[in-house]
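Architecture at a glance
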Amino acid sequence: MEYLEIKGGSPLCGEIRIQGSKNAALPILSAAVLHRGITVLRNCPKIIDVTYMLEILRDFGCHVDWEGEDLVIDASSLSSCQVAECYGRQMRSSIMLLGSLLGRMKSAVVSYPGGCVIGARPIDIHLGALKQFGAVFTEEPAGLRAVCQKPKGARICLPFPSVGATENVILLAVLAEGTTILENAAREPEIGELCRFLNSMGAEIQGMGTSCLVIEGGRQLHDTEFTIMPDRIVAGTYLLMTAAAGGRVCLRDVPVEQLGSVLDAASEMGVCQRARGRDLEVWSTGRLKAVGELSTRPYPGFPTDLQSPLLAALASAEGTSVVKETIFEARFKIVEDLQRMGACIRVEGQSAAVEGVKYLHGEELTARELRGGAALVLAAVTAQGTSRVLQYHYIARGYENIIRDLQSVGVVVQSR
Ligand code: UD1
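An account of the accompanying structure is given in this report. As the structure is a computational prediction, the values presented were derived from the model and not from experiment. Within every chain, residues take consecutive numbers counted from 1 along the sequence as written. It should be noted that, the model being predicted, local features are given only for residues of pLDDT at least 70 and side-chain atom pairs only at 80 or more, the latter also being counted only at that level, while totals for whole chains, interfaces and linings use all residues. The basis for the side-chain values is all heavy atoms of the structure; hydrogens and waters are excluded.

Some thoughts on the site of the ligand
Note on definitions. A residue lies near a molecule or strand when any single heavy atom of the residue is within 4 Å of it. Taken together, 19 residues lie around the ligand, and D124, I125, S162, D305 and I327 are the ones closest in. Note that an oxygen atom of the ligand is positioned 2.7 Å from one of the side-chain N or O atoms of S162. Here a polar contact is recorded for every N or O atom pair within 3.5 Å, except that within protein the pair must consist of a potential hydrogen donor and a potential acceptor, and residues adjacent in sequence are included only if both atoms are side-chain atoms. In this structure, an oxygen atom belonging to the ligand sits 2.5 Å away from a main-chain N or O atom of I327. Note on areas: Shrake-Rupley, 1.4 Å probe, and residue coverage restricted to the protein chains presented here. Its free accessible area being 740 Å², the ligand has 87% of it covered by the protein chains. Spatially, the ligand is embedded in the largest pocket. Helix and strand assignments come from DSSP, with helices taken as H or I runs of at least 4 residues and strands as E runs of at least 2, each series counted from the N terminus. Put simply, the parts of the chain that give the shell around the ligand at least two residues each are α5 (124-131) and α6 (163-175). With 3 residues, α5 is the single largest residue contributor to the shell around the ligand. Along the lines of polarity and charge, the residues of the shell around the ligand split into 7 nonpolar, 6 polar and 6 charged. Each domain's limits were defined by an automated method or a database of domain assignments. Counting residues domain by domain, the shell around the ligand receives three or more from each of domain 1 (3-19 + 230-415) and domain 2 (22-227). Definitions used throughout: a 1 Å grid over protein atoms alone; a cavity as a set of points that fits a 1.4 Å probe which cannot get out; a pocket as an open set with protein on both sides within 12 Å along at least five of seven lines; a lining residue as one with an atom within 4 Å of a point. For a molecule to be placed in a cavity or pocket, more than half of its atoms must lie within 2 Å of the grid points of that cavity or pocket. Here the term charged refers only to Asp, Glu, Lys and Arg, the term nonpolar to Ala, Val, Leu, Ile, Met, Phe, Trp, Tyr, Cys and Pro, and the term polar to all other amino acids, Gly among them.

This is the structure in C-alpha cells:
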C-alpha cells in the first residue's frame, strides 16, 4: 500500500504558492453546464475531486480539455442528465449538479452523494429549496430523479445556511423564470466566487457576501473566461503547520481577507504574521499557546475544514484548549491517531479538550478523509522522528501536490 513517509521535528523554511480553491472550483464546474457554449477557467486546482467532476461533465456530453494551464469546457451539446453512479457516490459535490441540470435539462438523476465520511450529511435542505421552484423528486434504483418542467423563481429561506444548498438554489435560479430571493444563504467566500463567475457569464445576481441573495432568472448567458480564487483552507493548513512546526514560511497568493478567524486564532496561539498584498509571511519561534475555547461556525466563523489541522497543532501547544465542532458531527476521527503519537485529547460529544504535550512522536497514521488526512500530515511534520501516513490518496482530493509543497519548505518527505 502507498504511504507518505515524513521525517518530522524540524522548523520550516521557504515558500508555498497556494493553489486554486477546491470549494469554488466544484460549483463553478457545475455552473459551466448552464451555458450552451464555452467556459475557460484559470487556476483550477488539479485535484482528484476536480478530475471526478470533469469525468461527470464528459459523461454528460461536454468537451473538456486542459490547454496548458487553462481548462476549457464546451457544454454546447449535453446529451445526458444522469450522474454515473460510480462518480456520484465518490463525491458529495455531485449533488451540486442538481440545480444546474434542472436549469438546463429540466431533469436530473443523481445517486445519493458520497464524499468525506465526516457525518451523516443529509440533503433535505437542498431538496426542500429546489421544490420551491417546482421541482419534483422520486426515488429510483438509479438514484434520485428530479424533474422541473418550468422552474419558477421563488422566495426561499433556508432553515440553515448550508453551503451546498445555497449553491444549488443559485444554479437553478439563474435559468428559472422570474426573480429568486434567497434568505439565510450561506456567506462562505466560495459562494461569492460562484456568483461572480455566473455574473461574468451574463447572470444577474446581487447581494454577494450577504445572507440575502437576489437572482434575476432567465438572462442570456454567454462564453466567459474566469480565474478561480486561491484556496483559503489550503492556506490555513500551511499556516497552522508552520505555527506548530516553527520556522518562517512565506505563503504566496493567499486570500488574506477570507482568513480573519484563522489569523485571529493563530495570533492567540502566539504566531507572528505579516500580510503584504497576497503574500502572507508566518513565523513562530517558541512553543504555541493554547486557544482557550474555540468553536467552528459558518463563515465568517472558524471553518470546520480547519478544525482537524487546528487540533493537530494544539496537540503540542502549551496549556489546555477546548475545540467545539458545531457543523459536522463526525470530525474527531483523527484523535485516536494523535493519541498514539502521544497527544492528550479527550472527546466528549462535540467537544475535544486538548492538553498540550511537549512533543508528539512519529507513528504509523491512517488518513480516513481529506481534512483529517491533511491534519495527520501536519502532526507528522511537527512530531519527533519518522511517521507514515497511509491512505494518503484522500489528501489528493483537495491538495494538488502536498509532497511538493512540504518539500518546498524543507520537510523530508517521500511517497513509497
Ligand atoms: C461545504 C464544503 C465543505 C465544508 C462545508 C461547511 C464544498 C464542496 N464543501 O460542504 O468543505 O466543510 O461546506 O463549510 O464546498 N445539512 C443538512 N441538510 C442538508 C445540507 C446540509 O442537514 O440538506 C447539514 C450537514 O449535514 C452539515 C451542515 O448542514 O452538518 C453543513 O453542511 P453544508 O453547509 O451543506 O456543507 P456542504 O455543502 O456539504
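So, empty space enclosed by the protein
Grid points are joined across faces, edges and corners, and a volume is the space filled by probe spheres set on the points. If you walk through the whole model with that rule in mind, you get 2 cavities of 30 Å³ or more. Residue lining of the largest cavity: K333, I334, D337, T366, R368, E369, G372 and L376, and that is the complete set. Within the lining of the largest cavity, the residues separate by chemical class into 2 nonpolar, 2 polar and 4 charged. By volume, the second largest cavity amounts to about 30 Å³.

Looking at the pattern of salt bridges
Every case where a carboxyl oxygen of Asp or Glu lies within 4 Å of a side-chain nitrogen of Lys or Arg is listed as a salt bridge. Tallying each qualifying case throughout the model produces 28 salt bridges. In this structure, the salt-bridge partner of D253 is R17, at a minimum N-O distance of 3.6 Å. Residue D253 is found in the loop between β14 (247-252) and α9 (260-268), and its partner R17 is found in strand β2 (residues 12-17); the two are separated by 236 residues along the sequence. Residue D253 is classed as partly exposed on the basis of its relative accessible area of 22%. The salt bridge involving D337 is made with R340; its shortest N-O contact spans 2.4 Å. Taken as a pair, D337 and R340 lie in helix α11 (residues 335-340) at a separation of 3 residues, close to a single helical turn. Shared partners join several salt bridges into a network, and the residues in it are R17, D253, E257 and R278. Whether a residue is buried, partly exposed or exposed follows from its accessible area with a 1.4 Å probe, protein chains only, as a fraction of its type maximum: under 20%, in between, or over 50%, in that order.

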